[in-house]
Amino acid sequence: MSSFEQGPEPEGLQHLRGSIQDVTQNKFEEQTVAGVALCISTRAMVSTNRSTVGGFFLAGRSMVWWPIGASLFASNIGSGHFVGIAGTAAAGGIAIGGFEWNALIVVVILGWIFVPIYIKAGVVTMPEYLKKRFGGQRIRIYLSVLSLFLYVFTKISADMFSGAIFINQALGLNIYLAVVMLLLITALYTVTGGLAAVIYTDTLQTVVMVVGSFILMGFAFNEVGGYESFQHRYMESVPSITANFSASCYEPRADSFHIFRNAITGDLPWPGLIFGLTIQATWYWCTDQVIVQRCLSAKNLSHVKAGCILCGYLKLLPMFLMVFPGMISRILYPDAVACVDPTECEKYCGASVGCTNIAYPKLVVDLMPNGLRGLMLSVMMASLMSSLTSIFNSASTLFTMDIYTKIRRTASEKELMIAGRVFIVGLIGVSIAWIPVVQSAQSGQLFDYIQSITSYLTPPVAAVFMLAIFCKRVNEAGAFYGLTIGLLIGLSRMIAEFAFGTGSCINPSNCPTIICGVHYLYFSIILFVVSCIIILGVSLMTKPIDDKHLYRLCWGLRNRTEERVDLEQDDWIDNQESNTMEIEEPEEEPGFCKKAVMCFCGLEQQQAPPLSPEEQAELQKKLTDTSEVPLWRNVVNANALILLRAALLSIRSIPSSILYFLFAWLST
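Residues numbered from 1 in each chain as written. Predicted model: local features only at pLDDT ≥ 70, side-chain atom pairs only at ≥ 80, totals over all residues. Heavy atoms only, no water.

A. Quick peek at the side chain of threonine 282. With respect to the secondary-structure elements, threonine 282 resides in helix H11 (residues 270-287). Judged by relative accessible area, threonine 282 falls into the buried class, the value being 7%. Within polar-contact distance, the side chain of threonine 282 engages the backbone oxygen of threonine 278 at 2.7 Å. Contacts of threonine 282, omitting those with residues within four sequence positions, involve Val106, Phe114, Thr287 and Met466. (Helix = DSSP H or I, 4+ residues; strand = E, 2+ residues; numbered from the N terminus. Buried < 20%, exposed > 50% of the residue type's maximum accessible area, 1.4 Å probe, protein only. Polar contact = N/O pair within 3.5 Å; in protein donor to acceptor, adjacent residues only side chain to side chain. Contact = heavy atoms within 4.5 Å.)

B. Structural context of the state of the cysteines. Under the definition given, this model contains two disulfides. Disulfide pairing is shown between cysteine 339 and cysteine 345; the S-S distance is 2.2 Å. With the S-S bond torsion at 120 degrees, the cross-link from cysteine 339 to cysteine 345 turns out right-handed. Here cysteine 339 matches cysteine 345 in class, with each residue buried. In this model, cysteine 511 is linked to cysteine 516 through a disulfide, with the two sulfur atoms separated by 1.9 Å. (Disulfide = S-S within 2.5 Å.)

C. Structural context of a nonpolar patch on the surface. On the surface, Phe260, Trp270, Ile274 and Phe275 cluster together into a nonpolar patch covering about 370 Å² of accessible area. Here isoleucine 274 is to be found in helix H11. Residue isoleucine 274 is classed as partly exposed on the basis of its relative accessible area, which comes to 31%. (Patch = residues over 30% accessible without salt bridge, like charges linked within 9 Å, V, L, I, M, F, W, Y side chains within 5 Å. Areas by Shrake-Rupley, 256 points an atom, 1.4 Å probe, with all protein chains shown as cover. Salt bridge = Lys/Arg side-chain N within 4 Å of Asp/Glu carboxyl O.)

D. Structural detail: the environment of leucine 146. On the secondary structure map, leucine 146 appears in helix H8 (residues 138-171). The spacing of leucine 146 and leucine 457 is 311 residues in sequence and 8.4 Å in space, taken between C-alpha atoms.

E. Unusual backbone geometry, seen in detail. If you check the backbone angles, arginine 552 has positive phi at about 65 degrees while not being a glycine. Assignment of secondary structure puts arginine 552 in the loop between helix H24 (520-540) and helix H25 (576-582). For arginine 552, a relative accessible area of 17% puts it in the buried group.

F. Quick peek at the packing of aromatic side chains. Going through the model one piece at a time under the given rule, you end up with 21 aromatic pairs. Ring centres 5.6 Å apart and planes at 85 degrees place the aromatic pair tyrosine 456 and phenylalanine 523 in the edge-to-face group. Pair noted here: tyrosine 456 is in helix H20 (residues 446-457) and phenylalanine 523 is in helix H24, with a separation of 67 residues, a long-range link. Here tyrosine 456 and phenylalanine 523 have matching classes, each one buried. Pairwise contacts between aromatic rings join Phe221, Tyr227, Phe230, Tyr234, Phe257, Phe320 and Phe324 into one cluster. Its guanidinium or amino end placed over the ring of phenylalanine 523, arginine 493 lies 5.4 Å from that ring's centre, counting from NZ or CZ. (Phe/Tyr/Trp six-rings, centres within 6.5 Å; stacked < 30°, edge-to-face > 60°. Lys NZ or Arg CZ within 6 Å of the ring centre and 35° of its normal.)

G. Region of interest: H20. With twelve residues, H20 ought to run about 16 Å at 1.5 Å a step, and its terminal C-alpha atoms sit 17 Å apart, in line with that. Here H20 has its buried residues at Leu446, Phe447, Asp448, Tyr449, Ile450, Gln451, Ser452, Ile453, Thr454, Ser455, Tyr456 and Leu457. (Expected span 1.5 Å × (residues − 1).)

H. A look at the confidence of the model for the chain. For the chain, the mean per-residue pLDDT works out to 77, and 73% of the residues sit at or above 70. This model gives residues 600-608 a pLDDT under 50, and the stretch forms 25 contacts once residues within four places in sequence are excluded. (pLDDT = per-residue confidence, 0-100.)

I. Inspection of the pattern of salt bridges at higher detail. One pass over the full model with this rule turns up 13 salt bridges. The partner of glutamate 100 in a salt bridge is lysine 315, and the shortest N-O contact between them spans 2.2 Å. Remark: lysine 315 occurs in the loop between helix H13 (301-314) and helix H14 (318-332) and glutamate 100 occurs in helix H5 (residues 98-101); sequence separation between them is 215 residues. Each member of the pair, glutamate 100 together with lysine 315, is buried. Across the salt bridge formed by aspartate 255 and arginine 261, the nearest N and O atoms sit 3.9 Å from each other.

J. Region of the structure containing the packing of H11 against helix H21 (residues 459-470). With their axes 9 Å apart at the nearest point, H11 and H21 run at an angle of 65 degrees to one another. As H11 runs across H21, the sense of the crossing is left-handed. Judged by residue contacts, Ile279, Thr282, Trp283 and Thr287 of H11 engage Pro459, Val461, Ala462, Phe465 and Met466 from H21. (Axes fitted to C-alpha atoms, helices over the stretch in contact; angles between N-to-C directions. Left-handed = near helix turned anticlockwise from the far one by under 90°.)

K. How the structure looks around the nonpolar core. Core analysis: the biggest nonpolar cluster contains 172 residues, and Tyr129, Phe230, Trp285 and Phe324 have the highest contact counts within it. Beyond its immediate stretch of four places on either side in the chain, phenylalanine 230 contacts Phe221, Val224, Phe257, Phe324, Met327, Ile328 and Ile331. (Core = buried A, V, L, I, M, F, W, Y, C linked by side-chain atoms within 4.5 Å.)

L. Geometry of H24. With 21 residues, H24 should reach 30 Å at 1.5 Å per residue; the first-to-last C-alpha distance of 30 Å fits that figure. Every buried residue belonging to H24 is among Tyr520, Leu521, Phe523, Ser524, Leu527, Phe528, Ser531, Cys532, Ile534, Ile535, Val538 and Ser539, and all of these are buried. Each buried residue of H24 lies within a common arc of 165 degrees when the element is viewed along its axis, so the set occupies one face. Exposed side of H24, more than 90 degrees from the buried face: Ile533 and Leu540 are the residues found there. The inward-facing, buried residues of H24 contact H5, H11, H20, H21 and helix H22 (476-500). (Arc of directions from axis to C-beta.)

M. Inspection of the packing of H22 against H24 at higher detail. Look at H22 against H24: their axes get within 8 Å of each other, and the N-to-C directions meet at 155 degrees. Considering their axes alone, H22 and H24 lie roughly antiparallel with respect to each other. Considering only the axes of H22 and H24, their crossing is right-handed. Seen from H22, the contacting residues are Ala477, Gly478, Ala479, Tyr481, Gly482, Ile485, Gly486, Ile489, Gly490 and Arg493; seen from H24, they are Tyr520, Phe523, Leu527, Val530, Ser531, Ile534, Ile535, Val538 and Ser539. Residue composition of the contact of H22 with H24, by class: twelve nonpolar, six polar and one charged. (Parallel < 35°, antiparallel > 145°, perpendicular 65-115°, else oblique. Nonpolar A, V, L, I, M, F, W, Y, C, P; charged D, E, K, R; others polar.)

N. Structural detail: the side chain of threonine 125. Residue placement: threonine 125 occurs in the loop between helix H6 (103-121) and helix H7 (126-134). Here the side chain of threonine 125 touches glutamate 128 through a polar contact of 3.2 Å, landing on its backbone nitrogen. Setting aside residues up to four positions removed in sequence, threonine 125 forms contacts with Gln289, Thr397, Leu398, Met401 and Asp402.

This is the structure in structure tokens:
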């Protein structure tokens, strides 16, 4: 036998060689997706003017409808949705899908009511709108600070935690090490690229998420034998170790396949799902900086509406891509996903309150074949990064335009760009420190944690924005006291819940019923109504705002063409022109290293030619224009009606809804 000829390989060596090939294939797929994302992000960086506030924060207001719609969806659907929604579905059934279908109505409200007002007002941030509407500084600063806290509590920390769960299940890496590595990559192209890079990368990642999730759904339904078998087997999925615990703690709910549940005993009562959730959705979709900023980057109002419609169509998918797979995971792995004994739960996921959060990651790791597993890892990483980049960019905008300009009123535009980028780094550190709180809240169900915090803090904000747009009688005093008192009421519930702990079915919380006994969706309704009463009551007892200050800032005066007299002047103006005139000597030529860094971050020292007053007025008119071409206005209006029809069909029983949605898509 030649020295080059070998006998059969030992079995152990063959297994090792196969494992290496699998890992190599997975890494190749991940690197391919990451490489394409990097190319798109880099192209957006070099093709967009990132050295100006409009270029970095609003992508030059040049975006078209399809990347806007994809970015809205990707910004909303982060890894927190994949882990959180699937986990809650594994624990309680399909009702959590109602959270996603509620958005079908609210995105229409966003594109047809709220964004036209924001565009006519000529604002960059939501606190800036309230400043123009009410005057003063306290409301704008209050909303900016609250928004940043919400980003830490409900967005960044939750997304990082959910991403870490998936990485831990798939790769066995230390959770915090994985989080830090992902954040460094995510922050890199957020800091360097601005909103244009974020939106274009979101578009690619949306495609990756949808395709990968559809593949997993197909494998999952094939594993359980179709939809009818899925319904039957889910109701029988209980863990083998139940000790002496109550059956209600480990058996599936009797109403698992009902979206609308009992108003008293339901885990997601139907009045809360309709009214309480709509209040939260209005805050999130219509007043939150992350979402609205994407709409404000559009070329015109038709592109805004079309982007909202595309996002609405995509929001039909989570029921099929996340809810059903989460429930199937309970069927396939009841001992792990549906564990009830704290000791067993600690063994499977490291949390004694439950392991439903591992439903989706475990399905991917154990069910997907080698090779596609790498694609699904890319899906999860894409969803994590797309959500985080959106939040980082919007949080940076809030801090820069609404807080930093109070500290440095004469800051140059370059200084604002640097401050916004540095702020992202600090935000990351605070969010990492909050992760342990997220892990143990709301019986270990991540999505319930996110929604509960939102219910405690955001209804006053939703009340202020809705009344600011639809009731011109509301003034600054009413809005401020409504926000302040509403915040105190919400914090009293949130602090009590964290102090006593949310507990679990095995170890219920000791929080008094009068405080924690009200479902968080009902609490949202109560807080919203109380805030509205305070806002209107205080406003009616104080001096109204003259109409001349409200032109194009509220619904009744949206079409007025008279010049608006602002209650206060802007805090920050670009002082580069005056600074240039003061410094007559030419500046020293920067070195090569400094030039490279400034170019990479979009801070090139390029002086744009100053605009004449006529050119400045024409530019402002273009940025606040809401006119539409009649043809495209009719097209988006027709699609809005189709989307609303789909939302109404979603209230039917789930098997019928599937058929109705398919019919609606095909017939239109």
